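# Remarks on the overall topology
So the chains spell out like this:
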Amino acid sequence: MPFVRAVSKATQQALLAAGCGFEPLSASARSISFSPRQVTSDASFHSVSFSETDHPKVLITGGLGQLGVGLAGLLRKRFGKNNVILSDIRKPPNHVYQSGPFMYSDILDYKNLREIVVNNRITWMVHYSALLSAVGEANVTLARDVNITGLHNVLDVAAEHGVRLFVPSTIGAFGPTSPRDPTPDLCIQRPRTIYGVSKVHAELMGEYYHHRYGLDFRCLRYPGIISADSQPGGGTTDYAVQMFHDAVKAGKFVCNLKPDTCLPMMFIDDCLRATLEVMETPAEMLTMRTYNIGAMSFTPEELVREVQKHMPDLQITYDIDPVRQAIADSWPMKFEDSNARKDWGWKHEYNLPELVQTMVNFIISDSRAAHAN
């Protein structure tokens, strides 16, 4: 079914607020061709294998969101600047544009996505395009299009061209009937947000494509991700990012979750490293295609106390958002991630004190530089 590329101004604004993109042998050499709408019963596809002297050619969708630019920097250091392509529907800032290859890519445009993969000989794809939890609830139709239809396009392109595909999942893939403390890899999920539903769909579709077509699909369930160099993107856990920015700028913060709301969190450096590590892990070491990864869990109250060790004058008030609070109350309090630690050696480096110290130092330094300019 064709998709119209033109979108309303309101839709464009929602996408920009979410920080997402609108976030082996070649197919021609195979005797069986892959079609997302018409697949032969004996279709089978295999991922590209790399020699030690080769580097993957990586495409990151939704690359201007919270994670894409950071992951591109990490991968470019490892594989070379020109081997990692950022893509999005937004115009990148100058420093991003000058740091390495960037392309316009609309994940709802199957042909456009396919052309990029073919023309640039892409062998890895990292699919970050998505509308996050609270933003998705405000625009369910758009979230369904971006998070589900966009995923289908990415899966089909990756399967057709033997691309190793990473799609992140989230704590939002669980629901109020899931065990919360801790939450294991395999359990009842039943999320109650379109964001969570779309992520469970991604997990299951990726696993299905792996077993049905041999797609090398890999997925990590991210906790709430905290980073200093990007603005909050509309997620329920983004209160933790906003707190640091408001603490430095205004000395006070209004929290939209209850003070005792415990959620799993992770510093961005650990998140990006985990993504690279699972992508580099030999396939035979993976006992599953979707893993929990954990680092720390804390409440707004615990975070405030830690921040006040560095900024004792920080004032905190609570103005509970019932939508966000209901979402948070249905999510895990702690991830059980022993499979990731056992299968491919996952180990986090940042706990709460290190996280807060790093965030405060970065944002204060960034704020001083902005004032100086």
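Residues numbered from 1 in each chain as written. Predicted model: local features only at pLDDT ≥ 70, side-chain atom pairs only at ≥ 80, totals over all residues. Heavy atoms only, no water.

So, on to the overall build of the protein chain. What the protein chain contains, in helices and strands, is 13 helices and 13 strands. Within the protein chain, buried positions represent 55% of all 373 residues. When the accessible area of the protein chain is evaluated, it comes to approximately 16,600 Å², of which 51% is carbon and sulfur surface. (Helix = DSSP H or I, 4+ residues; strand = E, 2+ residues; numbered from the N terminus. Buried < 20%, exposed > 50% of the residue type's maximum accessible area, 1.4 Å probe, protein only. Areas by Shrake-Rupley, 256 points an atom, 1.4 Å probe, with all protein chains shown as cover.)

On the basis of which strands lie adjacent, the open sheet formed by 3 strands has the order 8-10-12 and mixed pairing. The strands lining the two open edges of the sheet, one partner per strand, are strand 8 (224–226) and strand 12 (296–298). Along the sheet, successive strands turn relative to each other by an average axial angle of 45°, direction set aside. In the sheet, strand 8 pairs with strand 10 (residues 263–267) via 3 bridges, with the strands oriented parallel. (Pairing = 2+ DSSP bridges. Axes fitted to C-alpha atoms, helices over the stretch in contact; angles between N-to-C directions.)

If you add up the space inside the second largest cavity, you get close to 60 Å³. Residue lining of the second largest cavity: H127, S129, A130, N147, L151, V167, S198, K199 and A202, and that is the complete set. Here the lining of the second largest cavity gets 3 residues from one element, more than from any other, and that element is helix 7 (residues 194–213). When grouped by side-chain class, the residues that make up the lining of the second largest cavity number 4 nonpolar, 4 polar and 1 charged. (1 Å grid on protein atoms, 1.4 Å probe; cavity = no way out; pocket = protein on both sides within 12 Å on 5 of 7 lines; lining within 4 Å. Points joined across faces, edges and corners; volume = space filled by probe spheres on them. Nonpolar A, V, L, I, M, F, W, Y, C, P; charged D, E, K, R; others polar.)

We now examine helix 7. Between its first and last C-alpha atoms helix 7 spans 27 Å; for 20 residues at 1.5 Å apiece the expected length is 28 Å, and the two agree. Restricting attention to buried positions, one finds in helix 7 the residues I194, Y195, G196, S198, K199, V200, A202, E203, G206, Y209 and Y213. Where helix 7 is buried, its residues meet helix 5 (133–138), helix 6 (140–160), strand 6 (169–170), strand 7 (217–222) and strand 11 (290–292). Where helix 7 ends, the next residue or the one after it, G214, has phi of about 80°, a positive value. (Expected span 1.5 Å × (residues − 1). Contact = heavy atoms within 4.5 Å.)

If you walk through the whole model with that rule in mind, you get 9 aromatic pairs. For the ring pair Y291 and W344, a centre distance of 6.0 Å and an interplane angle of 85° mean the geometry is edge-to-face. Highlighted residues: Y291 in strand 11 and W344 in helix 12 (residues 338–344), separated in sequence by 53 residues. In this pair, the class of Y291 matches that of W344, namely buried. Between W344 and W346, the aromatic rings sit 6.3 Å apart at their centres with planes inclined by 40°, giving tilted as the arrangement. Like W346, W344 is buried. Taken together through their ring pairs, the aromatic side chains of Y208, Y209 and Y213 make up a single cluster. (Phe/Tyr/Trp six-rings, centres within 6.5 Å; stacked < 30°, edge-to-face > 60°.)

Mean pLDDT over the protein chain: 86, with 83% of residues reaching 70 or higher. Counting interchain partners and residues more than four positions distant, the pLDDT-below-50 stretch residues 1–33 has 77 contacts. Every residue in residues 37–53 is under pLDDT 50, and counting partners more than four places away or in other chains gives 37 contacts. (pLDDT = per-residue confidence, 0-100.)

Of all 6 residues in strand 7, 6 are buried, a share of seventy percent or more. Bridge analysis of strand 6 against strand 7 gives 2 bridges, and the strand direction is parallel. Within strand 7, the position partnered with S169 by the bridge is R221. Alignment of strand 7 against strand 11, held across 3 bridges, turns out to be parallel. Paired with R221 across the strands is N292, a residue of strand 11.

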